[in-house]
2 protein chains.
Amino acid sequence: MRQKLSVIETRAWIGFVKSQQSVLEIVDNKFKAGGFPPLSWYDLLLELEKAKGGRLRQKELGELILLSKYNVSRLLDRLEKQGFIKREPCEEDTRGVFAVITPKGKKLRNKMWPVYYGSIKENFLSKFNEKELKQIIWLSERLVQFQISRFE
Amino acid sequence: MRQKLSVIETRAWIGFVKSQQSVLEIVDNKFKAGGFPPLSWYDLLLELEKAKGGRLRQKELGELILLSKYNVSRLLDRLEKQGFIKREPCEEDTRGVFAVITPKGKKLRNKMWPVYYGSIKENFLSKFNEKELKQIIWLSERLVQFQISRFE
DNA sequence: TATAGTTAGTTGCATATGCAACTACTATTT
DNA sequence: AAATAGTAGTTGCATATGCAACTAACTATA
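Note that the structure is a prediction, hence the values are computed from the model and not measured.

J.: How do you make sense of the pairing of strand E3 (residues 97–101) of chain A when you look at a structure like this?
T.: Each regular strand carries side chains that alternate between the two faces of the sheet. Residue and element names in this part refer to chain A. For E3, a buried count of four out of five residues is recorded, marking the element as mostly surrounded by other parts of the structure. Pairing between strand E1 (residues 55–57) and E3: three bridges, direction antiparallel. Paired with Arg-57 across the bridge in E3 is Phe-98. Both strand E2 (residues 85–89) and E3 contribute to a ladder of five bridges, which runs antiparallel. Each bridged residue has a counterpart across the sheet, and for Ile-85 the counterpart in E3 is Ile-101.

Below is the structure:
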């Protein structure tokens, strides 16, 4: 068997991997430059804010932001230490812990959003027209299935 | 100003970010499962092997694999410690250091390739036809410009 | 209801990454 | 040629991540 990729295949794979890497690096740098925490904090806060009651089990949270349980646990530690979230016991399942966004956390997310929005616009959306955005959706949903409700 | 993304914009952005994240996680897990080092090692070894004389200045290497200089330096430390690369002084610019792939490094890359190839095929290429791969190339090259020669 | 198996979350340890400061050199300006 | 600015690479320190082992609680089975 000739395990070799064609030129097209190669370029598609490399493009797929590196384009995301480059764009995300720019986004994270912009957060840093503004004195903000990294994108992962934003992601987490957003999921909490979207969730009913501003709270989620750590398990669910991890699935949403694609982070393993120990990383969720520690990310929450950092956010909790700074007062952006708090933990609450889970009544139905006493093993479980809810992460709840605090007013301070909401405020942080609100301040981060314009920066994030600017990055997305400038480094991603501005490069494509609507038809192309639909292609991107279509193509990426072939790879994985996400559940996306609303986002801002 | 209403800084809000449309549904299309949101789905495109999330899809773009998360699809790559998910696929790369699978790829890296497959390396791990086979007892291999992570993708970053493969990437580095590949660049060296492609380069003339099997060697590159650390600076150039960093640009190719999108890694900052201190990370290149340390990644090379790890590879060097295991004998997959060695460092050589640079004659023209005595500040510089060449990283050179060793026979052992080539052997490692060769053993990693079938695993990598399988992952790319299974988790990426198999989901698209040629027209779609071309779309991916086209779309990702809008975001960043890469120089890709050959790849395997 | 006792027992075994599973799941949610945390923690110690090893490794990886980021930042800033540092050394050693090259390039530029006067 | 001396002084200054810039570049390549390394390193100490702080933080982030991954793995495996752990606790505590839930679930299924006999």
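J.: Any chance you could explain the protein's contact with DNA strand D here in plain terms?
T.: Taken together, 20 residues surround DNA strand D, and among them A:Asn71, A:Thr94, B:Gln58, B:Lys59 and B:Ser73 come closest. When the atoms of DNA strand D within 4 Å of the protein are sorted by group, sugar and phosphate make up 62%. In this structure, a sugar or linking oxygen belonging to DNA strand D sits 3.3 Å away from a side-chain N or O atom of B:Arg57. Within the side chain of B:Gln58, one N or O atom sits 2.7 Å away from a phosphate oxygen of DNA strand D. Contributing elements (two or more residues each) for the surface near DNA strand D: helix H4 (69–81) of chain A together with helix H3 (58–65) and helix H4 (69–81) of chain B.

J.: Would you mind showing me how to read helix H3 (residues 58–65) of chain A here?
T.: Quick reminder: α-helices carry 3.6 residues per turn. Residues three or four places apart thus point the same way. All of the buried residues in H3(A) are A:Gln58, A:Leu61, A:Gly62 and A:Ile65. Buried residues of H3(A), seen end-on, are gathered within an arc of 100° and therefore sit on one face of the element. Tucked inside the fold, the buried residues of H3(A) contact helix H2 (39–50), E1, H4, E2 and E3 of chain A together with helix H1 (7–33) of chain B. A positive phi of about 60° marks A:Leu66, the residue just after H3(A).

J.: Looking at this model, I keep getting lost on the interface of chain B and chain A. Mind explaining?
T.: When the parts of a complex come together, some accessible area is lost, and that lost area is often used as the size of the interface. Opposite the 54 residues of chain B that make contact, chain A presents 54 residues. When residues of chain B are sorted by the area they lose upon contact with chain A, B:Gln3, B:Trp13 and B:Gln20 head the list and together hold 12% of the total. Linking B:Glu132 and A:Arg142 is a salt bridge whose minimum nitrogen-to-oxygen distance equals 2.3 Å. Linking chain B to chain A there are 17 residue pairs in polar contact (both at pLDDT 80 or more). Going through the elements one at a time, H1, H3, helix H5 (103–123) and helix H6 (130–143) of chain B are the ones with two or more residues in the side of chain B that touches chain A. Examining the composition of the side of chain B that touches chain A, we find that 18 residues originate from one element, H1(B), more than from any other. The residue inventory of the side of chain B that touches chain A, partitioned by class, reads 31 nonpolar, ten polar and 13 charged.

Quick notes on the rules
- Residues numbered from 1 in each chain as written.
- Chains lettered and ligands numbered in written order.
- Predicted model: local features only at pLDDT ≥ 70, side-chain atom pairs only at ≥ 80, totals over all residues.
- Heavy atoms only, no water.
- Buried < 20%, exposed > 50% of the residue type's maximum accessible area, 1.4 Å probe, protein only.
- Helix = DSSP H or I, 4+ residues; strand = E, 2+ residues; numbered from the N terminus.
- Pairing = 2+ DSSP bridges.
- Near = heavy atom within 4 Å.
- Polar contact = N/O pair within 3.5 Å; in protein donor to acceptor, adjacent residues only side chain to side chain.
- Arc of directions from axis to C-beta.
- Contact = heavy atoms within 4.5 Å.
- Buried area = accessible area lost by both parts, 1.4 Å probe.
- Salt bridge = Lys/Arg side-chain N within 4 Å of Asp/Glu carboxyl O.
- Nonpolar A, V, L, I, M, F, W, Y, C, P; charged D, E, K, R; others polar.

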